[in-house]
Amino acid sequence: MPRLKQLIVEIHRRSLWQVLLVYIGGAWVCYEIIDTITDRLVLPPWIPVAAIVLFLVGLPFVVATACVRERGSAVEKSPVAEPSSAAEEFVVGVEEAASRPEPRGEERKSVAVLPFANLSSEPESEYFSDGITFDIINHLAKISDLKVISRTSIMRYKTTDKPLRRIGEELGVAAIVEGEVQRVGDRVRIGAQLVDARTDEHLWAEQYDRELSDVFAIQSDVAHRVADALKATLTAAEKERIERRPTDDSEAYNLYLKGRYFFDRRGEGLWKGLEHFQQALEIDPDYALAHAGVADCYALLGFYGNLPAREAMPRAKAAALRALEIDEGLAEAHCSLGFAGLYHDWDPLAAEKDLQRAIEVNPGYAPAHYWYACVFTALGRSEDALSENRRALEVDPLSIFANVHYGWIMVTAGRQYERGREQLKKTLELDPNLAIAHWLLGQAYGMESMFEDGISCFKKAVELSDGLPWFLGSLGWAYGASGQAEEAGEVLSELDTRRRERYVRSFCFALVHIGLGDLDEALDWLEKAYEEHDTWMVHLNIDPTFDCLRSHPRFIALLKNVCL
């Protein structure tokens with residue numbers, strides 16, 4: 001029965017019902033005529049039977065010819081090898097349809113939203129089409145009955161020419177949403193369609209031509225239509241979250257989209273993202289998502305050491321709390337609050353509650369999963385950390401950040417250096433210019449005294465990050481640990497020069513002194529890092545870089561002060 005059902009689906013997909021009806025109807029008329037003539041002319045009785053046999057033999061050839069004609073235009077655009085006969089084409093099509101496994105119920109409720117094409121005349125408006133794509137993803141991700149691929153994975157397909165079936169297989173989804181966006185003044189035109197990734201069958205399609213202020217209604221409608229087509233069940237709370245307007249000001253929304261566009265690029269993009277989020281809040285002070293954006297920017301600026309953690313993290317926490325005052329059900333804000341709880345308050349248990357709430361509100365929000373994994377690492381639960389990070393990869397399999405976090409847990413918490421190197425190399429296949437992946441790969445080499453490879457990776461990380469002191473400090477550690485004291489000293493001098501001009505984390509100096517074996521000097525700098533409330537203090541108990549200090553009374557006291 002499943003094979004027959006698949007064959008029927010294939011006939012329906014190729015729109016061959018009309019051909020079959022015409023052929024059967026014509027065959028029936030011909031049979032009646034032959035039967036009548038046979039009786040009147042007293043012809044041999046086997047003639048009507050022979051006619052039926054000929055009609056049955058001819059049926060596959062007629063359908064095959066229709067298949068070839070239906071594919072004609074596609075063949076002209078993309079030449080392929082022709083089948084040896086029309087009958088062979090038909091047989092192959094039947095075998096393919098019959099051999100495809102029928103998806104299970106949960107597989108039918110899985111979807112990826114490909115980047116919407118930007119049809120606007122201004123190339124710089126790319127942020128707007130990307131923003132529309134991300135917002136539709138976020139709407140769908142709020143539906144717990146749907147498996148939705150997160151936004152960073154789908155951006156890999158922004159310029160792809162892969163067939164939808166291949167994309168569906170790579171992402172593990174049964175359906176795909178694709179579309180286009182055109183913004184003209186105060187109007188927006190959005191076309192969207194839902195396609196079965198296995199059969200190319202169109203499940204739903206719609207064209208919208210509205211005022212820009214109606215963009216939220218369009219996004220909500222797309223989410224509802226996709227959910228209906230995939231037979232997903234929405235709770236009352238999910239329906240309310242999908243239909244809630246984040247702001248009533250289109251310009252504030254436009255600035256928010258620009259903020260997210262730059263934030264996702266990290267590096268200097270964090271500053272630009274922060275600027276646009278703050279501009280959005282000047283227009284609409286109650287824009288919860290913009291407050292969450294401010295929280296995310298400050299959190300990462302403090303985490304990477306672009307700003308002192310004592311300055312950045314309280315701002316991140318305040319922005320997240322303000323966002324939750326406006327919208328308690330905002331997953332992004334709960335995630336930001338959990339991040340601040342872990343890296344500023346050094347309170348993994350409190351962070352765990354906030355991150356669990358973020359996942360409860362939006363199970364498809366990948367950052368909540370991989371930051372929750374960091375909570376487990378701080379608690380020394382490496383297997384739980386790996387398991388939670390795998391959940392992030394389930395919803396965002398091609399995310400460079402989910403993948404690099406997975407490698408980090410293997411290297412730092414799990415001490416699985418070879419496995420970690422394999423994972424980080426896979427991450428670099430996704431983005432060869434991801435500085436933090438090169439840094440971690442350097443760690444994975446250095447921990448097994450493979451210093452030549454480690455130093456090469458650290459140098460690449462420093463280059464790609466425009467000389468981030470954190471990565472520079474790790475390079476100094478590798479120089480010192482490998483016996484290259486002069487080079488390590490040069491790194492210390494460079495860090496000291498920079499420190500006179502702008503903020504440089506004390507933690508970076510500690511790394512170099514550990515490599516050189518100057519443990520008391522390293523502890524002096526770590527105690528200064530504690531006073532700075534450095535974000536990395538919460539991982540001192542598991543980071544193998546500090547293994548040489550574990551029995552030192554000053555280090556033990558430091559861990560107690562951080563409550564680890």
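These numbers come from a predicted model, not from an experiment. The numbering scheme is per chain: residues are counted from 1 as the chain's sequence reads. Restriction of local features to residues with pLDDT of at least 70 applies here, the model being predicted, together with a cutoff of 80 or more for giving and counting side-chain atom pairs; totals for whole chains, interfaces and linings are based on all residues. In computing side-chain values, all of the structure's heavy atoms are included and hydrogens and water are not.

Visitor: Sorry, what's going on with the overall build of the protein here?
Guide: Helix and strand definitions here come from DSSP, where helices need a minimum of 4 consecutive H or I residues and strands a minimum of 2 consecutive E residues; each element is numbered from the N-terminal end. Scanning the protein from terminus to terminus reveals 28 helices and six strands. Counting across all 564 residues of the protein, residues that qualify as buried make up 52%. A separation threshold of at least 6 residues defines the contact pool for the protein, and within that pool the share at least 24 residues apart is 60%. Computed by Shrake-Rupley with a 1.4 Å probe, the accessible areas treat only the displayed protein chains as cover when residues are assessed. Looking at the protein as shown, the accessible area adds up to about 25500 Å², and 54% of this sits on carbon and sulfur atoms. Exposure is judged per residue with a 1.4 Å probe applied to protein chains only, and the accessible area is read against the type maximum: over 50% gives exposed, under 20% gives buried, and values in between give partly exposed. What makes two residues a contact is simply this: any of their non-hydrogen atoms within 4.5 Å.

Visitor: Is there a simple way to explain the nonpolar core in this structure?
Guide: For soluble globular proteins, the rule of thumb is that nonpolar side chains tend to be buried together. Throughout, nonpolar core names a set of buried Ala, Val, Leu, Ile, Met, Phe, Trp, Tyr and Cys residues whose side chains join them through atoms within 4.5 Å. Formed by 172 residues in total, the largest nonpolar core has its most connected members in Leu140, Trp470, Leu526 and Phe546. Of all the elements, helix α14 (residues 288–304) adds the most residues to this core, at 13 residues. Setting aside residues up to four positions removed in sequence, Phe546 forms contacts with Phe507, Leu511, Ile514, Leu526, Trp536, Leu540 and Phe555.

Visitor: Is there a simple way to explain helix α25 (residues 485–501) in this structure?
Guide: Each α-helix turn comprises 3.6 residues. Residues three or four places apart therefore point the same way. Look at α25: 25 Å from first C-alpha to last across 17 residues, which is about the 24 Å you get at 1.5 Å a residue. Buried within α25 we find Ala488, Val491, Leu492, Leu495 and Arg498. Each buried residue of α25 sits inside an arc of 125 degrees when the element is viewed along its axis, so together they form one side. Exposed and facing more than 90 degrees away from the buried side of α25 are Glu486, Arg500 and Glu501. Those residues of α25 that are buried lie in contact with α24 (469–481) and α26 (506–516). One less than the residue count of a helix, multiplied by 1.5 Å, gives the span that helix is expected to have. Think of it as the arc spanned by the lines of direction from the helix axis to the C-beta atoms.

Visitor: Would you explain the packing of aromatic side chains in this entry?
Guide: The description of two aromatic rings rests on the distance between their centres and on the angle between their planes. Note on ring pairs: Phe, Tyr and Trp rings are taken, using the six-membered ring of Trp, and paired if centres are within 6.5 Å. Classes follow the plane angle, with under 30 degrees stacked, over 60 edge-to-face and the rest tilted. Within the structure shown, the criterion is met by 30 aromatic pairs. Taking the centre distance of 4.8 Å and the plane angle of 75 degrees together, the rings of Phe216 and Tyr253 count as edge-to-face. Highlighted residues: Phe216 in helix α10 (residues 215–229) and Tyr253 in helix α12 (residues 250–263), separated in sequence by 37 residues. Accessibility classification places Phe216 together with Tyr253 in one group, the buried group. For the pair Phe339 and Trp371, a centre-to-centre distance of 4.4 Å together with 85 degrees between the ring planes defines the contact as edge-to-face. Of the two residues, Phe339 is situated in helix α16 (residues 331–343) and Trp371 in helix α18 (residues 366–378); the sequence distance between them amounts to 32 residues. Considered together, Phe339 and Trp371 belong to a single accessibility category, that of buried residues. The cationic tip of Arg183 hangs over the ring face of Phe128; the distance from NZ or CZ to the ring centre is 5.2 Å. The rule is short: NZ of Lys or CZ of Arg within 6 Å of the ring centre and within 35 degrees of the ring normal puts a charge over the ring. If you follow Arg505 out to its NZ or CZ, it ends over the ring of Trp470, 5.1 Å from the centre.

Visitor: Is there a simple way to think about the pattern of salt bridges in this case?
Guide: Oppositely charged side chains may form a pair once their charged atoms are brought near each other. Just to be clear on terms, a salt bridge is a Lys or Arg side-chain nitrogen sitting within 4 Å of an Asp or Glu carboxyl oxygen. Per the stated rule, a full pass over the model turns up 33 salt bridges. As a salt-bridge pair, Asp209 and Arg189 come within 3.4 Å of each other at their nearest N and O atoms. A residue pair is termed long-range when its members are at least 10 positions apart, and Asp209 in strand β6 (residues 202–211) and Arg189 in strand β5 (residues 187–196) qualify at 20 residues. Between Asp520 and Arg554 there is a salt bridge, and its shortest N-O distance comes to 3.9 Å. Of this pair, Asp520 sits in helix α27 (residues 519–531) while Arg554 is found in helix α28 (residues 553–561), placing the two residues 34 residues apart along the sequence. What makes Arg554 partly exposed here is its relative accessible area of 25%. Overlapping salt bridges, with partners in common, bring together Arg187, Arg189, Asp209 and Glu211 in one network.

Visitor: Just to check I follow, could you spell out α26 for this structure?
Guide: Of all eleven residues in α26, ten are buried, a share of seventy percent or more. Looking only at α26, the buried set comprises Ser506, Phe507, Cys508, Phe509, Ala510, Leu511, Val512, His513, Ile514 and Gly515. The elements touched by buried residues of α26 are α24, α25 and α27. Positive phi shows up at Gly517, right after α26, with a value of about 85 degrees.

Visitor: What exactly am I supposed to notice about the packing of helix α22 (residues 435–446) against helix α23 (residues 451–464) here?
Guide: The packing of two helices is summarised by the inter-axis angle and the distance between the axes. Geometry is summarised by axes, namely lines fitted to C-alpha atoms with helices restricted to the contacting stretch, and by angles between N-to-C directions that run from 0 to 180 degrees. Interhelical geometry of α22 versus α23 gives an angle of 160 degrees and a closest axis separation of 7 Å. Put simply, α22 runs roughly antiparallel to α23. α23 is crossed by α22, and the crossing has left-handed handedness. Contact residues: Ala435, His438, Trp439, Leu441, Gly442, Gln443, Tyr445 and Gly446 in α22; Phe451, Asp453, Gly454, Cys457, Phe458, Lys460, Ala461 and Leu464 in α23. Angles are sorted into four bins: roughly parallel if under 35 degrees, roughly antiparallel if over 145, roughly perpendicular if 65 to 115, and oblique for all others. Left-handed describes a crossing whose near helix is turned anticlockwise from the far helix through less than a right angle; right-handed describes the clockwise counterpart.

Visitor: Mind showing me how you'd approach the pairing of β5 here?
Guide: Every regular strand shows the same layout, with side chains that alternate between the two sheet faces. Buried residues dominate β5, accounting for seven of its ten residues. The criterion for strand pairing is that DSSP finds at least two bridges linking the strands in question. Here strand β4 (residues 175–184) folds back onto β5 in antiparallel fashion, the turn holding two residues, of which Gly185 has a positive phi close to 65 degrees. Bridge count between β5 and β6: nine bridges; the pairing is antiparallel. Within β6, the position partnered with Gln193 by the bridge is Ala205. The hairpin formed by β5 and β6 contains five residues between the paired strands, and Asp200 there has a positive phi angle of roughly 65 degrees.

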